[in-house]
Amino acid sequence: MKFYNSYSKKLEEFTVENNTVRMYNCGPTVYDYAHLGNFRSFLFADLLRRYLEFKGYEVKQVMNFTDVGHMTQDDLEPSREGSNQDKMALAAQRTGITDPRELADKYIDCFMEDSKTLNVLEPWQRPRASDHVQEMVEIIEKLIANGNAYEVDGFVYFDQSSFPEYGKLSGNTVEDLVEGKRVEVDARKKNATDFALWKCDDKHIMKWPSPWSTGFPGWHIECSAMAMKYLGETLDIHTGGEDNIFPHHEAEIAQSECATHKTFARYWLHARHLLVDGGKMSKSKGNFFTVRELLDKGYSGSEIRYALISTHYRQNMNFTTGVTDGDYSQLQKIEALEEAKTNIRRIKDFLAAMEQIEKDDNTNIDDLATKTLGNFAAAMDDDLNISGGLSALYQFIREVNKLRDQEQLGREDAARAIETIKKLDGVLGVLCDEEQQVPEEILQLVKERDEARLNKNFPRADEIRDTLTEMGYVLEDSPKGTICKKI
RNA sequence: GGUGGCAUAGCCAAGUGGCCUAAGGCAGUGGAUUGCAAAUCCACCAUCCCCGGUUCAAAUCCGGGUGCCACCUCCA
C-alpha cells in the first residue's frame, strides 16, 4: 500500500510497526456550520480509516474540534479591523450566544449530526481544543526550556531560527517568506516567521491563566498537544486540507519536533479542495453549500458522500453547476450529485435484483468476486485510487447482470454477489440510507394498475403510471411483480 | 513576488514511456428485451491545453508557453 507523503513529496510504501495505525485528522473549527468543502477533507479521512480497516489494520483515529479562536480577515468587520476579534467572538455576536463554550457546543452538535448523515464512522477520540489548554501550556514550557521559544510581554513565540527544518513540508524558505508582502510585522518577534504559542489578552472572550499571562494559546499548538496526548510523540498518519500545509502543519512539525526531538508524523496526507465552477467555495461568492442545504434540495447523505469521495483526494474536485450570473440561490440540481444519485440507485437495484434470484443451478462466481476485490484493493492500495476502485465495482455489476440476463445466475451466486458488494461498501459507505416506505395510497394505485394491465387495459395502466411519475414514483415491471420506488 | 499542484470526451474522472486502437461513471445516440416504459444487456461516442525536443516508441519524459487551483491572511 502506497501513499503520497506531502512531506517527502513522493509516493511511499506504507508500513507500521505493529498492526495499529495512529492517525490524527485536523478537524473542524466549530464557530459555524461545516460546508461541503470541509466535509471533503473529513470524508477523505473516513475513507482512509475504512480502507485501513479493510486491510486489517486497527486504526486509532483522532479528530479534533477547534474551539479556541481562528480569525480571518474576511470575518473582520471594517470598523473592527485590527481589533483582533476572533471567529468565536464574531459568531457569538452573530448568533446571540455569548458563552463561547455554548456556542461551540451548538456547532459541534451540528457537525456530529452532519457526520452521521454522511455515514462517517465515529473516530476513537474527538478531543476539544479548549479542554487541552493545560497540555498546550506544558509543551510551550518544554519549548522554552529547550531554547526553541521565548517570552515577550506575556506573549510566547516559537523561534523559527532554532529549527532549520522549518519550511520542509511546504517548500517555503524563510527568505522568500520574509520577502513576501503579506507577512505582517510584529515588533515583538525576533524573526518574521516566528509564530505565537501563547497570546496575552485578559479581555479575550476565551482566556486561561498561564505562567506568562492570562490569554489564549496560539493557533497551531492545539493540534500538537491533542495529537501527542492521545497518539504519542510520533503519529503514523496526519491528514488535513491542503490549506493546512502552511503555516499550520509546518508549525506543528516545528513545535512538536523541538519539544520531543522525534519525528512528529511519518506520513502527511493532504486533501485538495472542492471547487465550484472552477473556483473556491466561499461565502462571499454564495457558492457555499452545507450538508443541510443539500438535504433540503432533496439529496441524501449517501449521495453527498458518494459525490465527495468519488474523486481522488489529491485532485481538485469540481462541481459544475451551470450558474453563470453568480446567483446560486435558485440552484436545484448539481450534476455531481445527480450522478451520485443515479449510481447509488444502480447499486441498490442490483442488490434488490440479486435478492430476487431463485434459481438453484449456480455458475459459481467466486473467481469473479475474488478478481473484483483484488482489483478494488489494487487500486486503493495505490494512494487510495477511488476511481479504479469504483471501476472494479461497476465491472462486477455488469458481469453479474450479464449472467443474470442469460439465466445463468443461481441463488448462491447471488448471495456471493451481495456479499461482495457489501464488502466494498464497508469502505465506500454509500448504501446506508434508510429506504423510504412507499405509502399505502401509492401501493393501492400500483395494484390498480397491475389489474388494468392484467385486463390489457393499457391506456388506464399508463395513465396511472403517469400519475405516479408526477408524484415522484417510478415503476419497474418484472415477471415477479411490479416494483415501485421513490425517486 | 515566493511556494506547492493541476490541465484527458458535454460533465465527473483513471491511466504517468510500448497491452492506450485511452478504464469506469453520468448524460446522449442506436439495438436487444418490454403491451409501452423502467431496469438490464450489447454497440457507438476523445488521438489526451499549445509549441518544440528526447526516443525505435510519449497522454505519459525534458524545455518553453497558455490557462486554472491552493498556500504565503488561523478557509478543509
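Keep in mind it's a predicted model, so treat the numbers as computed, not measured.

Engineer: Before we go on, may I ask you to explain the environment of Tyr 24 in this structure?
Structural biologist: Within the fold, Tyr 24 resides in strand S3 (residues 20-25). Excluding residues within four positions of it along the chain, Tyr 24 makes contact with Val 62, Asn 64, Cys 223, Met 226, Ala 227, Leu 231, Leu 235, Ile 237, His 238 and Thr 239.

Engineer: What is the right way to read the pairing of strand S7 (residues 195-200) from this model?
Structural biologist: Each regular strand displays side chains that alternate between the two surfaces of the sheet. Taken across its six residues, S7 has five buried, putting it largely inside the fold. Direction of pairing for strand S6 (residues 155-158) relative to S7: antiparallel, over a ladder of three bridges. Across the sheet, the residue bridging to Tyr 157 is Ala 196, located in S7. The pairing of S7 with strand S8 (residues 215-217) spans three bridges and is antiparallel. Directly across from Trp 198, in S8, lies its bridge partner Pro 217.

Engineer: What's the story with helix H9 (residues 301-309) in this structure? I'm lost.
Structural biologist: Given 3.6 residues per turn, any residue in an α-helix points the same way as the ones three and four places further on. The buried fraction of H9 is high, at nine of nine residues. If you check which residues of H9 are buried, you get Gly 301, Ser 302, Glu 303, Ile 304, Arg 305, Tyr 306, Ala 307, Leu 308 and Ile 309.

Engineer: Just to check I follow, could you spell out helix H7 (residues 245-260) for this structure?
Structural biologist: For H7, with 16 residues, the first-to-last C-alpha span of 21 Å sits near the 22 Å given by 1.5 Å per residue. Among the 16 residues in H7, 14 count as buried, and that is most of the element. At the exit of H7 stands His 261, carrying a positive phi of roughly 60 degrees.

Engineer: Even after reading the chapter, I still don't get the sheet that holds strand S9 (residues 235-241), so can you show me in this structure?
Structural biologist: Strand pairing within a sheet occurs via backbone hydrogen bonds; the two strands may be parallel or antiparallel. Reading across from one edge, S4-S3-S9-S10 is the order of the four strands in this open sheet, with parallel pairing throughout. Pairing within the sheet leaves two strands with one partner each, and these edge strands are strand S4 (58-63) and strand S10 (265-271). Direction aside, neighbouring strands of the sheet carry axes that sit 20 degrees apart on average. Relative to S10, S9 runs parallel, the two sharing six bridges.

Engineer: Honestly, the state of the cysteines in this entry has me stumped. Any pointers?
Structural biologist: Note on terminology: a disulfide is the covalent bond linking the sulfur atoms of two cysteines. Scanning all chains against the criterion turns up zero disulfides. Not part of a disulfide, Cys 110 finds its nearest cysteine sulfur in Cys 432, a span of 19 Å.

Engineer: Is there a simple way to explain the sheet that holds strand S13 (residues 317-319) in this structure?
Structural biologist: In spatial order, the strands read S12-S11-S13; together these three strands make up an open sheet with mixed pairing. Where the open sheet ends on each side, the last strands, each with one partner, are strand S12 (279-280) and S13. Two elements, strand S11 (residues 274-276) and S12, share two bridges in a ladder whose sense is antiparallel. Bridging from a neighbouring strand, Val 276 pairs with Gly 279 of S12.

Engineer: In this structure, what is going on with the pattern of salt bridges? I would like to understand it.
Structural biologist: Using the criterion set out here, one finds 30 salt bridges in the structure. The closest approach of N and O atoms between Lys 55 and Asp 381, which form a salt bridge, is 3.0 Å. With Lys 55 in the loop between helix H1 (36-54) and S4 and Asp 381 in helix H11 (residues 366-381), this pair connects stretches of sequence that are 326 residues apart. Residue classification places Lys 55 among the partly exposed positions, given a relative accessible area of 36%. The partner of Glu 419 in a salt bridge is Arg 416, with the nearest N and O atoms 3.9 Å apart. Separated by three residues within a single helix, Glu 419 and Arg 416 lie in helix H13 (residues 411-428), roughly one turn from each other. Beyond isolated ion pairs, a larger network of salt bridges with shared partners links Asp 366, Arg 416, Glu 419 and Lys 423.

Engineer: I'm lost on the domain arrangement of chain A in this one. Help?
Structural biologist: Many analyses report the size of an interface as the accessible area lost when the parts associate. Annotation of chain A at the domain level lists domain 1 (2-271), domain 2 (347-428) and domain 3 (440-486). Distance from the C-alpha centre of domain 1 to the C-alpha centre of domain 3: 56 Å.

Engineer: I'm lost on the packing of H1 against H11 in this one. Help?
Structural biologist: Between two packed helices, both the angle of their axes relative to each other and the distance between the axes serve to describe the pair. It is at 12 Å that the axes of H1 and H11 come closest, and there the two elements cross at 130 degrees. On the basis of the axis angle, H1 is oblique to H11. For the crossing formed where H1 meets H11, the hand is left-handed. Counting all contacts with H1, which are made through Leu 47, Tyr 51 and Phe 54, the residues of H11 involved are Phe 376, Ala 377, Met 380 and Asp 381. Looking at the contact of H1 with H11, its residues break down into six nonpolar, no polar and one charged.

Engineer: Help me understand the packing of aromatic side chains, please; the structure alone is not making it clear to me.
Structural biologist: The description of an aromatic ring pair uses the distance of the two centres, along with the angle that the planes make with each other. Tallying each qualifying case throughout the model produces 21 aromatic pairs. Relative to Tyr 230, the ring of Trp 124 lies with its centre 6.5 Å away and its plane at 90 degrees, an arrangement referred to as edge-to-face. In this pair, Trp 124 sits in the loop between helix H3 (100-117) and helix H4 (133-145) while Tyr 230 sits in helix H6 (residues 221-231), placing the two residues 106 residues apart along the sequence. By relative accessible area, which is 21% here, Tyr 230 ends up partly exposed. Aromatic pair Tyr 166 and Phe 246: ring centres 6.3 Å apart, planes at 70 degrees, arrangement edge-to-face. Placement of the pair is Tyr 166 in the loop between S6 and helix H5 (174-179) and Phe 246 in helix H7, with a sequence separation of 80 residues. Classification of Tyr 166 by relative accessible area gives buried; the value is 9%. Owing to a relative accessible area of 26%, Phe 246 belongs among the partly exposed residues under this scheme. Through pairs of rings, three or more aromatic residues link up here, namely Phe 3, Phe 14, Tyr 57 and Tyr 267. Sitting above the plane of the Tyr 107 ring, Lys 106 keeps its charged end 5.2 Å from the centroid.

Analysis parameters
Residues numbered from 1 in each chain as written. Chains lettered and ligands numbered in written order. Predicted model: local features only at pLDDT ≥ 70, side-chain atom pairs only at ≥ 80, totals over all residues. Heavy atoms only, no water. Helix = DSSP H or I, 4+ residues; strand = E, 2+ residues; numbered from the N terminus. Contact = heavy atoms within 4.5 Å. Buried < 20%, exposed > 50% of the residue type's maximum accessible area, 1.4 Å probe, protein only. Pairing = 2+ DSSP bridges. Expected span 1.5 Å × (residues − 1). Axes fitted to C-alpha atoms, helices over the stretch in contact; angles between N-to-C directions. Disulfide = S-S within 2.5 Å. Salt bridge = Lys/Arg side-chain N within 4 Å of Asp/Glu carboxyl O. Domains from an automatic or database assignment. Parallel < 35°, antiparallel > 145°, perpendicular 65-115°, else oblique. Left-handed = near helix turned anticlockwise from the far one by under 90°. Nonpolar A, V, L, I, M, F, W, Y, C, P; charged D, E, K, R; others polar. Phe/Tyr/Trp six-rings, centres within 6.5 Å; stacked < 30°, edge-to-face > 60°. Lys NZ or Arg CZ within 6 Å of the ring centre and 35° of its normal.

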